[in-house]
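# Residue-level structural notes
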Amino acid sequence: MILDGIKIRDQILAEAKPRVAALPRPPGLAVVLVGEDPASEIYVRNKIKACHDLGIHSEKYTPPPTVTTAELLTLVRQLNQQETVDSILVQMPLPAQVDTAAVLAAIDPRKDADGFHPYNAGLLLAGQPAPRACTPAGVMEILRRCQIPLEGKRAVVVGRSEIVGKPMALMLLEANCTVTLCHSRTRDLAAECRRAEILVAAIGKPAFLTREHISKGAVVIDVGINRITDPAQAERIFGRQERPSTIVGDAHPLHMAELASAYTPVPGGVGPLTIAMLMLNTIQLAERRQA
Ligand code: GUN
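Because the structure is predicted, anything quoted here is derived from the model rather than measured. Here the residue index of a chain counts from 1 through its sequence in written order. pLDDT decides what is reported in this predicted model: residues at 70 or higher carry local features, side-chain atom pairs at 80 or more are listed and counted, and totals for whole chains, interfaces and linings draw on all residues regardless. The side-chain quantities take in all heavy atoms of the structure and omit both hydrogens and water.

## Observations regarding the side chain of Gln290
Helical segments are the DSSP runs of H or I of at least four residues, strand segments are the runs of E of at least two, and each set is numbered from the N terminus. Within the secondary structure layout, Gln290 lies in helix α11 (residues 271-290). What qualifies as a polar contact is a pair of N or O atoms within 3.5 Å, subject to a donor-acceptor requirement within protein and to the restriction that residues adjacent in sequence count only when both atoms come from side chains. Side-chain polar atoms of Gln290 contact the side chain of Asp86, separated by 3.4 Å.

## Comments concerning the pairing of strand β2 (residues 57-61)
The sheet contact formed by strand β1 (residues 28-32) and β2 spans five bridges and is parallel. If you follow Leu29 over to β2, its bridge partner there is Ser58. By convention, a crossover is right-handed whenever its connection, traced from the first strand over the helix to the second and viewed with the strands pointing away, goes clockwise. Read from β1 through helix α2 (residues 38-54) to β2, the crossover connection turns out right-handed. Here, a strand pair is defined by DSSP locating no fewer than two bridges between the strands.

## Details of the nonpolar core
With 48 residues, the main nonpolar core has Leu29, Leu143, Leu172, Ile221 and Met279 as its most contacted residues. Looking at which element gives the most residues to this core, the answer is α11, with eight residues. What fixes the domain bounds is an automatic or database domain assignment. Split by domain, this core shows at least three residues from each of two domains, domain 1 (26-111) and domain 2 (134-272). Should any heavy atoms of two residues lie within 4.5 Å, those residues are considered in contact. Once residues lying within four places of it in the same chain are set aside, the contact partners of Leu29 are Cys51, Ile56, His57, Ser58, Glu59, Ser87, Ile88, Leu89, Ala113, Leu278, Met279 and Thr282. Residues Leu73, Val76, Ile107 and Phe116 belong to the second largest nonpolar core, which totals 21 residues. Buried Ala, Val, Leu, Ile, Met, Phe, Trp, Tyr and Cys residues form a nonpolar core when they are joined through side-chain atoms within 4.5 Å. Burial status follows relative accessibility: with a 1.4 Å probe on protein chains alone, a residue under 20% of its type maximum counts as buried, one over 50% as exposed, and anything between as partly exposed.

## A look at the domain arrangement of the chain
As far as domains go, the chain holds domain 1 (26-111) and domain 2 (134-272). Using only C-alpha atoms to locate each centre, domain 1 and domain 2 end up separated by 28 Å.

## Examining the site of the ligand
By convention in these notes, a residue is near a molecule or strand provided one of its non-hydrogen atoms lies within 4 Å of it. Neighbouring the ligand are the residues Lys47, Leu89, Val90, Gln91, Met92, Asp114 and Phe116. In the model, a nitrogen atom of the ligand is placed 2.7 Å from a nitrogen or oxygen of the Asp114 side chain. When isolated, the ligand has an accessible area of 280 Å², and the protein chains bury 85% of it. The Shrake-Rupley method, run with a 1.4 Å probe sphere, supplies the accessible areas, and residue values consider only the shown protein chains as cover.

## Quick look at the pattern of salt bridges
The salt bridge criterion pairs a side-chain nitrogen of Lys or Arg with a carboxyl oxygen of Asp or Glu, the two atoms within 4 Å. Counting across every chain of the model gives 14 salt bridges. Between Arg144 and Glu141 there is a salt bridge, with its nearest N and O atoms 2.6 Å apart. Here Arg144 and its partner Glu141 are both found in helix α6 (residues 134-145), three residues apart, which amounts to about one turn of the helix. Of the charged contacts, one joins Glu162 and Lys166 as a salt bridge, the two residues approaching to 2.8 Å between their closest N and O atoms. Overall, the relative accessible area of 56% leaves Glu162 in the exposed class. Residue classification places Lys166 among the partly exposed positions, given a relative accessible area of 38%. Where salt bridges share partners, they join Glu15, Glu141, Arg144 and Arg145 into one cluster.

## A word on the packing of α6 against α11
It is at 8 Å that the axes of α6 and α11 come closest, and there the two elements cross at 105°. Taken as axis vectors, α6 and α11 run roughly perpendicular relative to one another. Across the interface between the two elements, Cys134, Thr135, Ala137, Gly138, Glu141 and Ile142 from α6 touch Leu273, Thr274, Met277, Leu278 and Asn281 from α11. Looking at side-chain class alone, the contact of α6 with α11 contains six nonpolar, four polar and one charged residues. Helix axes are fitted to C-alpha atoms over the stretch in contact, other axes to C-alpha atoms as well, and angles between N-to-C directions run from 0 to 180 degrees. Should an angle lie under 35 degrees it is considered roughly parallel, over 145 roughly antiparallel, and from 65 to 115 roughly perpendicular; all remaining angles are considered oblique. Think of it as three bins: nonpolar holds Ala, Val, Leu, Ile, Met, Phe, Trp, Tyr, Cys and Pro, charged holds Asp, Glu, Lys and Arg, and polar takes everything else, Gly as well.

## Points about the side chain of Lys111
Along the chain, the position of Lys111 falls in the loop between α4 (100-106) and α5 (118-125). Within polar-contact distance, the side chain of Lys111 engages the backbone oxygen of Leu79 at 2.9 Å. Setting aside chain neighbours within four positions, we find Lys111 in contact with Leu79, Asn80, Gln81, Gln82, Val85, Asp86, Ser87, Ile88, Leu285 and Arg289.

Shown next, in the form of structure tokens:
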């Protein structure tokens, strides 16, 4: 079974529309994009387009790549004060000279679009409601809407990032999975992965999980979005010529399709959900602020 993220995203956005219309004023999302990372530019463009389609007001701020921590803190504090802004998103990653933790901690937790503020991350740890990181929240939404049973299942998450892996492990735990969180120092990664009934790949390396990692019948959730421009690498993965620039996930697409009982394709799996969950977080923050 292919878990169709586009269909689920469309369902979620259709359900969200009346919530936007019911608010006294349109929800407002401020997006801060620093520098010119091409992937980040595409993500931000898609986020702003989703806002537009849903009737959410959006504002984009694009400080130069040389921006200092102090300048970003000033911008964030200004957005915290701005009445028409319900939700603030600072696109990751930030340039090396910027203190990312300080910027995230400066966002008003009541306007935290991504759930990256330590207070909201702490509420997730405590099992309490809070805005949640969009990508792992989107994965949970796919699993729920596709009625994949989670209770008591062995779930293995590969990748321990603050944005995906760590919150993903907590959300699966909350859903009563038995969770293993693997990372670059894990010994015998393939053996750990083969024990998974639910396998979540959030590594950031193209086609990294292969048939040695995936046991027959596992549910595989591929969070990776990797662009491949080397035709030889594409041919090694797909066994045939591909377009000059191809998107591939963290799991080997052919091995995953062969072994998994259900899986998210790349593109068209988890990606669309990240944006849908950002819209839901923004609407919820607006509902709280405008109540
Ligand atoms: N960079 C990659 N994914 C995300 C995300 O979900 N939110 C933000 N702010 N930056 C990201």
